[in-house]
Amino acid sequence: MADAKVIPFGDEPRTRRARPRSKDAVSSAAAASTGAKGKRPPGRKGGPLAPVPEQPAGPGGAVGVGAAETVAPEEPKAGPGSGGGWDRRIAGGLAFLRRRLTGDYEVDEFGYDEELTDKVLMSTIRPLYEKYFRVEVKGIENIPSEGGALIVANHSGTLPLDGLMLQAAVHDSHPAGRNLRLLAADLVFMLPVVNELARKAGHTLACAEDAEELLRRGEVVGVMPEGFKGIGKPFGERYKLQRFGRGGFVSTALRAGAPIVPCSIVGAEEIYPMIGNARTLARVLGIPYFPITPTFPWLGPLGAVPLPTKWTIQFGEPIPTEGYPAEAAEDPMLMFNLTDQVREQIQHTLYKLLVQRRSVFF
C-alpha cells in the first residue's frame, strides 16, 4: 500500500464535509435547466444566454433542449427499485479504496486520518453509540464552534469505551462537525493494532506538549484525568471521582488560553461491574489491573460483551482561561483551585444525572 502524504498540521484549512443535496434542491435545478428560452437557471453566472432553439416533440409530447445551453450533469434520482443510492455508495467505496491503495490521502503530523475516521472508524462505533448504549447528549452548545477547547471528563467502565462514545458524541452532535482529539495513556500506544487505530482516530499521547500544540492549532482536545484509577475502580465506588492528578491539564489550558469544558458521563460504570481485581495476574501481564466481573472470565469471550446500559453525556458551561496572565500557569494555588472547580462541577453533574435517571438500562 502506498504511503499517505503527511501534511504539516495546520498548514492547510481542513476540508469540511460536503452536505448532501436535498430532493427539493435537485428538483429546482432540473426545473431551471428545462425552463423558458433564454432564462438563466438560478445561481448561474456569466453573460446573457443565446436563445435555445426548440426541438421537435418526441414520443409522449416531450420537448427536447438544444445544445446552446450547457447544464452541469446532475446525479440521477433514485426512484423505486432503481438502486441509485446503492450505486453512489458503491462508487464512493471504490473511490475510497483507490485513494487508500494509491496513498492519495492526508494525515497530519500526529497521524490523524480524517477521512478514515469519518468513513470507517465512526461508522464502526456508531451502531454501538446509537443503538446499543443509546447515548443522549446534553449541552453540546457549550463546546465552541471554532478555536481550541479542552474537554475534561470522568473515566470509568473497566474498558475505555467511554472515550470512544465521547468522541462519537462530539463528532455526530456538534453543529460545526468538530472532531475530538483524545489524550491517551502510554499503554494504548504499546498495543499492536490498537496503537495504529488510535493514531488514525486522532488520539495522541497524554503529554502537556502535544495537548498544548493541539489547543493552539484550534482543536478540541479531550482528557480524562482520573486515568487508570477511574477506569479500574471497583463497582462499589461507581460515580465517585478519583484524584485528578496534579492539575496538569489546567496548566496546559492556561498556556494555550483555551476554555475548559467539564463533561459528565453516566452509564459507563455499569457496562462491566468490576467486583474484583486479580492483581497478581495483572502484574504478570504488565497491565494496571485484571478485572473480575459477574461474567468475566467465567464466560470466556462472551463475558467481554458489555451490558446494554443507557448513557447520558452532558457538557457543562466552559470555564474561561484567557483572562489570566502568562505566569498563571506556574501558580500551584491557582491550578489547584481551578482543578478543584472542574472536579466539583463534574461530580455535581454526575449526582444530578443519577437522580434524574429512571433506570440503568432505560
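Note that the structure is a prediction, hence the values are computed from the model and not measured. Starting afresh in each chain, residues are numbered from 1 along the sequence in its written order. The predicted origin of the model limits local features to residues at a pLDDT of at least 70 and limits the giving and counting of side-chain atom pairs to 80 or more, whereas totals for whole chains, interfaces and linings rest on all residues. Heavy atoms throughout the structure, all of them, feed into the side-chain values; hydrogens and water do not.

A few words on empty space enclosed by the protein. Grid points spaced at 1 Å over the protein atoms alone were grouped into cavities, where a 1.4 Å probe fits but cannot get out, and pockets, open sets with protein on both sides within 12 Å along at least five of seven lines, with lining residues defined by an atom within 4 Å of a point. Grid points are joined across faces, edges and corners, and a volume is the space filled by probe spheres set on the points. Here the structure, examined in full by the defined rule, presents one cavity of 30 Å³ or more. The computed volume of the largest cavity comes to approximately 50 Å³. What lines the largest cavity is Ser-156, Gly-157, Thr-158, Gly-230, Ile-231, Lys-233, Pro-234, Phe-235, Glu-269, Tyr-272 and Met-274. Classification used: nonpolar for Ala, Val, Leu, Ile, Met, Phe, Trp, Tyr, Cys and Pro, charged for Asp, Glu, Lys and Arg, polar for all others including Gly. Tallied by class, the residues present in the lining of the largest cavity amount to five nonpolar, four polar and two charged.

Here we come to the sheet that holds strand S5 (residues 136-138). Strand pairs in the sheet, formed through backbone hydrogen bonds, run parallel or antiparallel to each other. Here, strands pair whenever DSSP counts at least two bridges between them. Strands are runs of DSSP state E lasting at least two residues, helices are runs of H or I lasting at least four, and both sets are numbered from the N terminus onward. Sheet architecture is open: seven strands sit in the order S5-S13-S10-S6-S9-S7-S8, paired in mixed fashion. Taken across any chain shown, the strands that pair with only one partner, and hence form the sheet edges, are S5 and strand S8 (204-205). The pairing of S5 with strand S13 (residues 312-315) spans three bridges and is classified as parallel. Paired with Lys-138 across the two strands is Gln-314, which belongs to S13. Here, residues are in contact when the closest pair of their heavy atoms is within 4.5 Å. Interaxial angle, 0 to 180 degrees, is taken between N-to-C directions of lines fitted to C-alpha atoms, where a helix line uses only the stretch in contact. With respect to the sheet, helix H4 (residues 161-173) is in contact with S5, strand S6 (149-153), strand S7 (180-184), strand S10 (260-266) and S13, its orientation differing from that of S7 by roughly 165°.

Only rings of Phe, Tyr and Trp enter the pairing, Trp through its six-membered ring, and a pair is recorded when the two centres are within 6.5 Å. The plane angle decides the type: under 30 degrees is stacked, over 60 is edge-to-face, the rest tilted. Under the counting rule described, the total for this entry stands at four aromatic pairs. Taking the centre distance of 4.7 Å and the plane angle of 25° together, the rings of Phe-133 and Trp-311 count as stacked. Of this pair, Phe-133 sits in the loop between helix H3 (114-132) and S5 while Trp-311 sits in the loop between strand S12 (291-292) and S13; the two residues are 178 residues apart in sequence, bridging distant segments of the chain. Grouped by ring-pair contacts, the aromatic residues Tyr-132, Phe-133 and Trp-311 constitute a single cluster. The ring of Phe-189 has Arg-199 sitting right over it, with the charged end atom 4.5 Å from the ring centre. As a reminder, the over-ring test applies to NZ of lysine and CZ of arginine, requiring each to be within 6 Å of the ring centre and within 35 degrees of the ring normal. Taking the ring centre of Phe-235 as reference, the NZ or CZ of Arg-238 above it sits at 4.1 Å.

Okay, the pairing of S6 next. Buried, partly exposed and exposed residues are distinguished by accessible area as a fraction of the type maximum, computed with a 1.4 Å probe on protein chains only: under 20%, between the cut-offs, and over 50%, respectively. Within S6, five of the five residues are buried, which leaves the element mostly enclosed by the surrounding structure. Burial along S6 is two-sided: the face carrying Ala-149, Ile-151 and Ala-153 and the face carrying Leu-150 and Val-152 are both buried. In terms of strand pairing, S6 meets strand S9 (residues 220-223) through four bridges, oriented parallel. Its bridge partner being in S9, Ala-149 is matched across the sheet by Val-220. Bridge count for S6 against S10 is four bridges, and the pairing is parallel. Paired with Val-152 across the two strands is Pro-262, which belongs to S10.

Averaged over all residues, the pLDDT of the protein chain equals 82, while 77% of them reach at least 70. When the criterion is pLDDT under 50, residues 6-82 qualifies, and its contacts beyond four places in sequence or with other chains add up to 75 contacts. Per residue, pLDDT measures the predictor's confidence, with a range of 0 to 100.

The element helix H8 (residues 248-256) is extensively covered by neighbouring structure, given that seven of its nine residues are classed as buried. Residues Phe-249, Val-250, Ser-251, Thr-252, Ala-253, Leu-254 and Ala-256 constitute the buried set of H8. Next to the buried residues of H8 lie S6, helix H6 (208-216), S9, S10 and helix H10 (332-356). Remark: Gly-257 follows H8 within two positions and exhibits a positive phi of approximately 65°.

Take the pairing of S7 next. The element S7 is largely enclosed, with a buried count of five among its five residues. Here S7 shows a buried face lined by Leu-180, Leu-182 and Ala-184 and a second buried face lined by Arg-181 and Leu-183. For S7 and S9, the ladder comprises three bridges, and the chain directions are parallel. Bridging from a neighbouring strand, Leu-180 pairs with Val-220 of S9. With two bridges joining them, S7 and S8 adopt parallel strand pairing. If you follow Ala-184 over to S8, its bridge partner there is Leu-205.

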